[in-house]
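What follows is the residue order along each chain.
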Amino acid sequence: MSPAPTTDAPVTDAPATDATGRLSLWLRDRSEPDWSAAVAHRFTGELIAGTVADDVMRRYLIQDHRFVDSFVALLGAAIAAADRFDARIPLTRFAAMVTSDENDYFLRAFDALGVTEAMRRDTPDHSATTAFQALMTEARLTADYPCCLAVLVVAEWSYLTWAARADGRLPDRFEHAEWITLHDNPFFRDFVGWLVSELDRVGPTLDDDARARVEDLFRRAVAAERAFFDAAYQNGRD
Ligand SMILES: Cc1ncc(CN)c(N)n1
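Residues numbered from 1 in each chain as written. Predicted model: local features only at pLDDT ≥ 70, side-chain atom pairs only at ≥ 80, totals over all residues. Heavy atoms only, no water.

As annotated in an unreviewed UniProt entry, the protein chain carries the name Aminopyrimidine aminohydrolase and is attributed to Tistrella bauzanensis. The protein chain has a UniProt comment under Pathway (unreviewed entry) that states "Cofactor biosynthesis; thiamine diphosphate biosynthesis." As its UniProt record puts it under Function (unreviewed entry), the protein chain is described as follows: "Catalyzes an amino-pyrimidine hydrolysis reaction at the C5' of the pyrimidine moiety of thiamine compounds, a reaction that is part of a thiamine salvage pathway. Thus, catalyzes the conversion of 4-amino-5-aminomethyl-2-methylpyrimidine to 4-amino-5-hydroxymethyl-2-methylpyrimidine (HMP)." (UniProt positions renumbered as here; feature names shortened; annotations may be inferred.)

Draft legend 1. The packing of helix 5 (residues 85-112) against helix 9 (residues 174-181), seen in detail. Taken N-terminus to C-terminus, the directions of helix 5 and helix 9 make an angle of 165°; their axes are 10 Å apart at the nearest point. For the element pair helix 5 / helix 9, the angle class is roughly antiparallel. Along this stretch, helix 5 crosses helix 9, giving a crossing that reads as left-handed. From helix 5, Glu102, Tyr105, Phe106, Arg108, Ala109 and Ala112 reach across to helix 9, where they touch Phe174, Glu175, Glu178 and Trp179. The residue inventory of the contact of helix 5 with helix 9, partitioned by class, reads 6 nonpolar, no polar and 4 charged. (Axes fitted to C-alpha atoms, helices over the stretch in contact; angles between N-to-C directions. Helix = DSSP H or I, 4+ residues; strand = E, 2+ residues; numbered from the N terminus. Parallel < 35°, antiparallel > 145°, perpendicular 65-115°, else oblique. Left-handed = near helix turned anticlockwise from the far one by under 90°. Contact = heavy atoms within 4.5 Å. Nonpolar A, V, L, I, M, F, W, Y, C, P; charged D, E, K, R; others polar.)

Draft legend 2. Highlighting the packing of helix 4 (residues 54-81) against helix 11 (residues 208-231). Helix 11 packs onto helix 4 with a crossing angle of 145° between their chain directions and a minimal axis gap of 9 Å. Each of Arg59, Tyr60, Gln63, Asp64 and Phe67 in helix 4 lies in contact with helix 11, whose residues at this interface are Phe228, Phe229 and Ala231. Class assignment for the residues of the contact of helix 4 with helix 11 results in 5 nonpolar, 1 polar and 2 charged.

Draft legend 3. A look at the site of the ligand. Around the ligand, the surrounding shell consists of Asp64, Phe67, Phe132, Ala155, Glu156, Tyr159, Trp179, His183, Glu225 and Phe228. Tyr159 is positioned such that a nitrogen or oxygen atom in its side chain is 3.3 Å from a nitrogen atom of the ligand. Glu225 is positioned such that a nitrogen or oxygen atom in its side chain is 2.9 Å from a nitrogen atom of the ligand. Taken together, the elements giving at least two residues each to the shell around the ligand come down to helix 4, helix 8 (145-164) and helix 11. The element contributing the most residues to the shell around the ligand is helix 8, with 3 residues. Each residue belonging to the shell around the ligand can be placed in one class, and the counts come to 6 nonpolar, 1 polar and 3 charged. (Near = heavy atom within 4 Å. Polar contact = N/O pair within 3.5 Å; in protein donor to acceptor, adjacent residues only side chain to side chain.)

Draft legend 4. Region of interest: the pattern of salt bridges. In the structure shown here, the tally under the stated rule is 18 salt bridges. The salt bridge involving Glu198 is made with Arg201; its shortest N-O contact spans 2.8 Å. With Glu198 and Arg201 both in helix 10 (residues 186-202) and 3 residues apart, the pair spans about one turn of that helix. Residue Asp216 is joined to Arg220 by a salt bridge in which the shortest nitrogen-to-oxygen separation is 3.0 Å. With Asp216 and Arg220 both in helix 11, this residue pair falls 4 residues apart, about one helical turn. When its relative accessible area of 38% is taken as the criterion, Asp216 is described as partly exposed. On the accessibility criterion, Arg220 (32% relative accessible area) is partly exposed. Sharing partners across several salt bridges, the network here consists of Arg30, Glu215 and Arg219. (Salt bridge = Lys/Arg side-chain N within 4 Å of Asp/Glu carboxyl O. Buried < 20%, exposed > 50% of the residue type's maximum accessible area, 1.4 Å probe, protein only.)

Draft legend 5. Expanded view of the side chain of Glu225. By the secondary structure assignment, Glu225 is in helix 11. We note that Glu225 is buried and unpaired, the nearest opposite charge coming from Arg226 at a distance of 11 Å. If we skip the residues at most four places from it in the chain, Glu225 touches Ala38, Phe132, Val154, Ala155, Ser158 and Tyr159. (Lys, Arg positive; Asp, Glu negative; His and termini not counted.)

Draft legend 6. Geometry of the packing of aromatic side chains. The tally for this structure, following the rule as stated, stands at 22 aromatic pairs. Taking 6.1 Å as the distance between ring centres and 20° as the angle between the ring planes, the aromatic pair formed by Tyr60 and Phe229 counts as stacked. With a gap of 169 residues between them, Tyr60 in helix 4 and Phe229 in helix 11 connect regions that are remote in the sequence. Overall, Phe229 belongs to the buried group, its relative accessible area being 2%. Seen from their ring centres, Phe132 and Phe228 are 6.4 Å apart, and the 75° between their planes marks the pair as edge-to-face. Of this pair, Phe132 sits in helix 7 (residues 127-142) while Phe228 is found in helix 11, placing the two residues 96 residues apart along the sequence. Accessibility expressed as a relative area gives 2% for Phe132, which makes it buried. A relative accessible area of 4% means that Phe228 is categorised as buried. (Phe/Tyr/Trp six-rings, centres within 6.5 Å; stacked < 30°, edge-to-face > 60°.)

Dropping the structure here:
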């Protein structure tokens, strides 16, 4: 399997610009303070340090496995809506990774953390999960490539940003370490670089209304990421 196309565009620390330049950077800027709060969230710091409490990790993974279901459906919509075959290839390869390596991680982590089938079935959705799923469904149903990209970019760019902070230092337990390496490895970096560059490619084609729709989805997705991490520390429905 050949790697996803690469980009020279820095995906973590580039300066902000306006909507007529790199749309991704403009959107990231417009999503503050939620962007910074999400990528520097207590959960990500504890994950990198290997100190996340097991009940927090259990809550997070049970909910996140449900996030992944809607996320893969959104990837499917992006594959269908993409304006060219060159874009469908990396999206499809990424969907294959999520449904194989990443899903396999979830199942092994559930076992290691003592999360039974019954716990997974009987734990209610947190309101943060429901809200994020609704947002992904909304983006999917637009059947519009830039709208789908907006939510996909937030999900993967924000995860690469916090995972890169580990900078090669990994905690001992695989439940923590592998969640970091799944979001910072050469394949993932290439994919996120490409995904961000896709948003920048389609950005100049958007009129004001279309750009406003993309901005709205992007900003709500960043807020949803922050709320999703918060939810891991809430022992109850919400
Ligand atoms: C909530 C959320 N956002 C993003 C990702 C990155 N795959 C995730 N697993 N979960």
